[in-house]
Each structure stands twice: as C-alpha cells, then as structure tokens.
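Results of the structural survey
What follows is the residue order along each chain.
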Amino acid sequence: MVTLNDTVAPTETVRSGRRPALRRDGRYASVFLAPSLAGLALFTLFPTAMALAISLFDWPVFGERKFLGFGNYTHLFGDPVFRRVVFNTALFVVLYVPLNVVLSLGLATWLGPKIKGRQAFRVLFFIPVMTPMVANVMVWRLLFQPGGLLDAGLNSWFGIDAPNFLGSSSWAMPAIVAMSIWQGFGYNFLVFSAALDQVPQSQLESAQIDGAGPLQRFRYVTWPMITPSIFFATTMTLITSFQVFAQPFILTQGGPGVSTQTIVMYVYNQGWQFLTMGLASAAGWVLFVIIMGITAIQFVGQRKWVNYDV
Amino acid sequence: MSETSVAARRVRSGISHVLLIIVAIVFLGPLVYAVSTSLKPADEVFTPTPHLFGSEIRWQNYADAFEFAPFGRYFLNSLFVAIAGTLVVVIASSMSAYAFARLKFKGREQLFVLFLGTLMVPQEVLIVPMYWLMQSLGWVDSYWALILPWAFTAFGTFLLRQFFLTVPAELEEAARVDGCGPFGSFLRIMLPLARPAIAVLTVFTFISFWGSFLWPLIIVNSVADKGTVPLGLAQFIGQQGTQWNLMMAASVMAMIPTVLLVVLLQKHLVRGLLVTGLGGR
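1. Notes on the overall build of chain B
For chain B, the count of helices and strands is 15 helices and zero strands. Taking 19 Å as the expected radius of gyration for a compact globule of 281 residues, we find that chain B reaches 24 Å, considerably beyond that expectation. Here chain B, with 281 residues, has 46% of them falling under the buried criterion. When contacts within chain B are restricted to residue pairs at least 6 apart in sequence, long-range pairs at least 24 apart make up 76% of them.

What follows is the structure, encoded as structure tokens:
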C-alpha cells in the first residue's frame, strides 16, 4: 500500500525517518485509536466474518434460518443465471479495463507536459469521476433512448437508423461499457498524467537527439518510468470494474433478459428482491474471492514488468 | 530551422489542436446535452433533429423539479448525511493517524497492517451482514444507518498518517518542552499543520457520501422521508412518461456541488486519487 501511494503522489514520500516517538505510552495510543478501532471492528471485521457465516445458511430476511453448509455455493454454481452473471461481469471487465487504460494513457501521453491547457483537461475529465454516478447514468440513459441524442443525431446527420441500444442484447453491454469509460477514464488520465510529469524532459530530449522516434522514446524512456503507475491504475480499475452496479442497474436493469446483469446486481436481487440473504452473501463472497485472486495475480505478475528503481 | 519544417510543425500543431477540440466536444457532449434538455419544454425533449435550444429557455424546469418530486428533501438529506459522515471520518482517522505516526505502542506495525487489510474487503461482501446488523440495532431506514457504517475506513487514516510522518519531530519536541502532552500537540501542532491533507480528505469523503447509491438503495425504505439525491433520481427509472427535462434539471443540480469542489480543489486532485480510488462507498 505504501508503494501504491508512492507511485501516485511521489511528492509526499519525503519522510522524517524513524525518530523516537515523543511518548512511549500505550494508554494515549488506545485513546487515539479507540474510535477507528471500534468502528472498523463493528462495521468491517465483524461483518466480513458474518458474511461468511450467513453464506452457510438458508437465511431469509424474515423467518427461520437453516444451516446448509456449502449448499448456497453449490446452488450458485449450478444456477444458470449466476453463471451468466459471472460471464457478463467478466465481459464488462475484459472490454472496459483495456479500453480505459489505453484511452487514458494515450490521451495523457498526447496531452503531455508541453501542451497548454493541460490542467483544464485534467479537471474536465475528472468531473464525471466525481459527480454522482446515478446522475451521470441518467444522462446516458436519455442519450441512448430511442429518440435521444444518439438516435436522432445518427438519423438526421448521417441517415443511419440507430439500434435501440439499451433494448438490444448485442448493444446493451457495449453501451454500458461506453458510458462507464466516459465516466471513469478521467481517474486514470490523472494518474498517468501525474506520472508523465515525473519523466525528465532532458532524457526525452537527449533520446531525440540520438535519433529515437516518438514510439521509441515512449517505449524506452517513458514506459520504464511509468510502469508503477500503470500497475496501480490497472489494479484499481480491475478491482472497481468487477464491482460494476449502478450503470447496468439504471441503464438496462440487467436486461434484456439477464444479458447485462452483473454479480453485484445478482447480490442485490437475491438479497433485497428475493430476500434470500444466504445466497446473496455467498455471491458476495464469490466476488470477493475473484477480486482477491485477480489482485494476487497482478501482484505476482508485476515483478516481471514493473520497475520501481528508475 | 528550415522553412518547411516550421510549416510542417505548424500543420502538425494545428491538427493536434483540432483533435483536442474534437475530444473535448465528444467528452462534453453528454453534459451539454443534459443542461440543454434541462432547459427545454417537456414536449421538445425528443425531436427528430437534435437542437441545442428549445423554443424557449425554460429555467422554470429547475423549480418544477422540486414540485415533481421531493428533491428539496433529498438534497437536505444528502447534505446532512454527507456532512455528518465526513465529520466522523475526519475525526476518527486523524486521531488514529496520529497514533500510527507519532505514538509508540506494542503491535503498532501489525495493527496498521490490519487497518490496511480492511481496505481489501469490497462493500458488496459487507452489505448483507451490514443490513442484518442494522436490523439488529433497529437502524433500518434511519440516518444512523446512512452515516455510520461506512464512516470508518482506513483510507483517511492512511492518507493522514503519510502526512503526519512528514512533519518534523522537532516541532513537537519544542511543544513538549512547553508542557504540551500528546493531546495538546495533536490539537495545536499536528491538526493545524495537516490542514491541506485534511481538506483533501474532507472534500473527497463528502463527494463519496454525496454520490453513494447502493447502500441507500438497500437501507432506505421511506424514500420520500430519508431518501438521498441519487436515490431520488433513481426513483424515476421504469416510470411511464418520465419527465426527462425535469430529470435532467435534477441531475444537473446533483452534479453542481461536486463540479464546484473539483474545480476549486484542482491543485489537489492527485492527492485525492487515493481517497477516490479506494473509497467510493
């Protein structure tokens, strides 16, 4: 975690070293730590364990609870809807993460330190990252409506009959991905553009004098220096994209059919539409294990390509 | 420098600027569309040819949105929940950050790792047991449930600890000589020095509370009473004959406070990345 922060905000890493603390009194520490510790224990540690426990029960919101062992998990993997939902989520991740990273890295490189008005673009692209997701998605829902901007624009400007984006099983997922990229790429754009600021111009210039073209300069000078940021950005984007919820929930309600329903939507539906908390909790834990697995793979893989020494 | 290369560079920079403007327009399109629709009369939202302006600029839509649904109530609820939640986050995390950065106690490193470990757990795992916990506490459909469950995250602790570590120890030692204990030095030395970091934490925490959707969707039953802005907006999906112009007016109003904060805080966006990327609850 410390390294992650270092990659984002290198200016903050000037530490004062390990000086002897002013007071070696654990009692003070326990007072300072009490609120956070109590809160984290009650609202994070305890629920994490409870989630595992609940997932082992037939646990309706109201009524009798029954111990099932791994019954909920075997039910999940036998449930065609759940399998479809895992597939949909994976499809979203596979489309969204590379597109997001390539677009934001490309734009950040293009809008390099020499371009005027770069700060304005940083702020501009960051706006949908911060505005309420529901408001963003509502705008895109109108945009994708039959008769909305895309439909009317394609029709009247290009004479193309637009598909019913949100009602078509082949267009709904690309529509969700497009909306999500518009909303989310400003985050990675900022990460990359902060990292690119740290690449010394002198090295790029001397590479240019040695006859290196733009692509070579990127590959051999810039890339090695920004790998920590690329790693940070891809890991964060992967984790959050597995948790996609509001976009499909509002754009398509998971439809048509279940063709855009995601894992978190499944958790929500099982828990608060069908009131089967045990299944919802088990699905949540499956998501958790997937995220942990992907993160672990990322951290193991980084040794091969992430360069922290430059 | 030969004349041709100057000309070539001009052309290239011209193309670059045109492309930039196209990128900006495509990106801004949805936001402009939202504002444009929010100012149109209801029967001009869907036209065969897109128009930036309707037959009139209807500011009245912004007032009508408050009539159409209790958005006044939603805004007050969101504001209250976000401010209260942010207060809890800032107080709790600055205290624990101080302990981790400045006090020596047994098991400090292990406890810090445990703190960071809680960042791994996604909200989706916690919502089921959290709902059950809220039921047990009798907090379903209450402000408590909207504020407290997500106000104790390790992000703030981590962010502020990193900042406290950069404060020279001599400053505190001087205060000690003047008879300042840990509490005095925390309140009088560290907190004032940490104002920039606390400002970043405050703004990004506020924004994440302001936009949060999944948890309010689960825990609020009486939307008209305890509903937040995102919940109020989402009420309209699936309704027949959605009043899109009013919807867009409400969406634009929901965006304005965050847009202002982003513009005001633009110098500190990079530092906020951590809070934003790992947070979002």
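Once you've had a look at it, read on.
2. Brief notes about the overall build of chain A
Along chain A, the regular secondary structure elements total 13 helices and two strands. Projecting the C-alpha coordinates of chain A onto the three principal axes gives extents of approximately 75 × 75 × 35 Å. Among the 310 residues that make up chain A, the fraction classed as buried is 41%. Contacts in chain A between residues far apart in sequence, at least 24 positions, make up 72% of those at least 6 positions apart.

3. Let's talk about unusual backbone geometry
Cis geometry marks the peptide bond from G255 of chain A to P256 of chain A; its omega dihedral reads -5°. When you line up the elements, P256 of chain A lands in the loop between α11 (246-251) and α12 (263-273). The phi angle at L275 of chain A is positive, at roughly 60°, despite the residue not being glycine. Here the phi dihedral of D141 of chain B falls at roughly 65°; this positive angle occurs in a residue that is not glycine. Residue position: D141 of chain B is located in the loop between α5 (123-137) and α6 (143-147). A tally of 16 C-beta atoms within 10 Å means that D141 of chain B is categorised as partly exposed.

4. Some thoughts on the environment of A69 of chain B
All names here are of chain B. Structurally, A69 can be placed in the loop between α2 (60-68) and α3 (71-102). Distance in space between the C-alpha atoms of A69 and F236 is 9.6 Å, their sequence separation being 167 residues. When near neighbours in sequence (up to four residues on either side) are disregarded, A69 contacts G232 and Q235.

5. Comments concerning the domain arrangement of chain B
All names here are of chain B. When cut into domains, chain B gives domain 1 (3-62) and domain 2 (67-278). A C-alpha centroid distance of 34 Å is found between domain 1 and domain 2. Between domain 1 and domain 2, the residue contacts involve nine residues of the former and nine residues of the latter. For the side of domain 1 that touches domain 2, the secondary structure elements donating two or more residues are α1 (3-38) and α2. Tallying contributions element by element places α1 first for the side of domain 1 that touches domain 2, with four residues.

6. Thoughts on the interface of chain B and chain A
Think of interface size as the accessible area that goes away when the parts come together; that is how it is often given. Facing the 80 residues of chain B at the interface are 77 residues of chain A. Tallying contributions element by element places helix α14 (residues 244-264) of chain B first for the side of chain B that touches chain A, with 10 residues.

7. Some words on helix α4 (residues 80-110) of chain A
All names here are of chain A. Given a rise of 1.5 Å per residue, 31 residues ought to cover 45 Å, and the 45 Å separating the end C-alpha atoms of α4 matches this to within 8%. By the burial criterion, the buried members of α4 are F82, V85, N88, T89, F92, V93, Y96, N100, S104, L105, L107 and A108. The inward-facing, buried residues of α4 contact α3 (71-78), α8 (172-197), α10 (214-242), α12 and α13 (277-305).

8. A closer look at the packing of helix α6 (residues 133-144) of chain A against α14 of chain B
In contact at an axis separation of 9 Å, α6 of chain A and α14 of chain B are set at 150° when each is read in the N-to-C sense. Here α6 of chain A is positioned roughly antiparallel relative to α14 of chain B, judged by the angle of their axes. Crossing geometry of α6 of chain A relative to α14 of chain B is assigned as left-handed. Residues A135, M138, V139 and L142 of chain A of α6 of chain A pack against W244, M247, M248, S251, A254 and M255 of chain B of α14 of chain B. Broken down by class, the residue content of the contact of α6 of chain A with α14 of chain B amounts to nine nonpolar, one polar and no charged.

9. Some points on the confidence of the model for chain B
Do not read the predicted coordinates in detail wherever pLDDT is low. Residue and element names in this part refer to chain B. This prediction gives chain B a mean pLDDT of 88; 94% of its residues lie at or above 70. Mean pLDDT in chain B bottoms out at helix α15 (residues 269-278), which sits at 69, and peaks at α6, which reaches 97. For this predicted complex, the interface confidence reaches an ipTM of 0.90, while the overall pTM sits at 0.89.

10. Quick look at the nonpolar core
In this structure, V134 and A283 of chain A are the most contacted members of the largest nonpolar core, which totals 161 residues. Counting contributing residues per domain, this core is built from domain 1 (3-62) and domain 2 (67-278) of chain B, each supplying no fewer than three. With near-sequence residues (within four places) excluded, V134 of chain A lies in contact with A246 and I250 of chain A together with F213, P230, L233 and A234 of chain B.

11. Things to note about the packing of α8 of chain A against α10 of chain A
All names here are of chain A. Between α8 and α10, the least distance of the axes is 9 Å, while the angle of their chain directions is 160°. Judged by the angle between their axes, α8 and α10 are roughly antiparallel. Read as a crossing pair, α8 and α10 show a hand that is right-handed. Seen from α8, the contacting residues are N188, V191, F192, A195 and L196; seen from α10, they are T222, I226, S229, F232, A233 and T237. Here the residues of the contact of α8 with α10 sort into seven nonpolar, four polar and no charged.

12. Focus: the environment of N155 of chain A
When you line up the elements, N155 of chain A lands in helix α7 (residues 149-158). When residues no more than four places from it in sequence are discounted, the contact partners of N155 of chain A are I160, D161 and A162 of chain A.

13. Quick word on the confidence of the model for chain A
Summarising the model, chain A shows a mean pLDDT of 88, and 92% of its residues fall at 70 or more. In the model, residues 1-23 of chain A has pLDDT below 50 throughout and makes 39 contacts with residues more than four positions away in sequence or in other chains.

14. What to know about the environment of R102 of chain B
Structurally, R102 of chain B is set in helix α3. Note: C-alpha distance between R102 of chain B and L159 of chain B (57 residues apart in sequence) is 14 Å.

Calculation rules
Residues numbered from 1 in each chain as written. Chains lettered and ligands numbered in written order. Predicted model: local features only at pLDDT ≥ 70, side-chain atom pairs only at ≥ 80, totals over all residues. Helix = DSSP H or I, 4+ residues; strand = E, 2+ residues; numbered from the N terminus. Rg over C-alpha atoms; globule rule 2.2 N^0.38 Å. Buried ≥ 20, exposed ≤ 12 C-beta atoms within 10 Å, placed from the backbone. Contact = placed C-beta atoms within 7 Å. Domains from an automatic or database assignment. Expected span 1.5 Å × (residues − 1). Axes fitted to C-alpha atoms, helices over the stretch in contact; angles between N-to-C directions. Parallel < 35°, antiparallel > 145°, perpendicular 65-115°, else oblique. Left-handed = near helix turned anticlockwise from the far one by under 90°. Nonpolar A, V, L, I, M, F, W, Y, C, P; charged D, E, K, R; others polar. pLDDT = per-residue confidence, 0-100. Core = buried A, V, L, I, M, F, W, Y, C linked by C-beta atoms within 7 Å.

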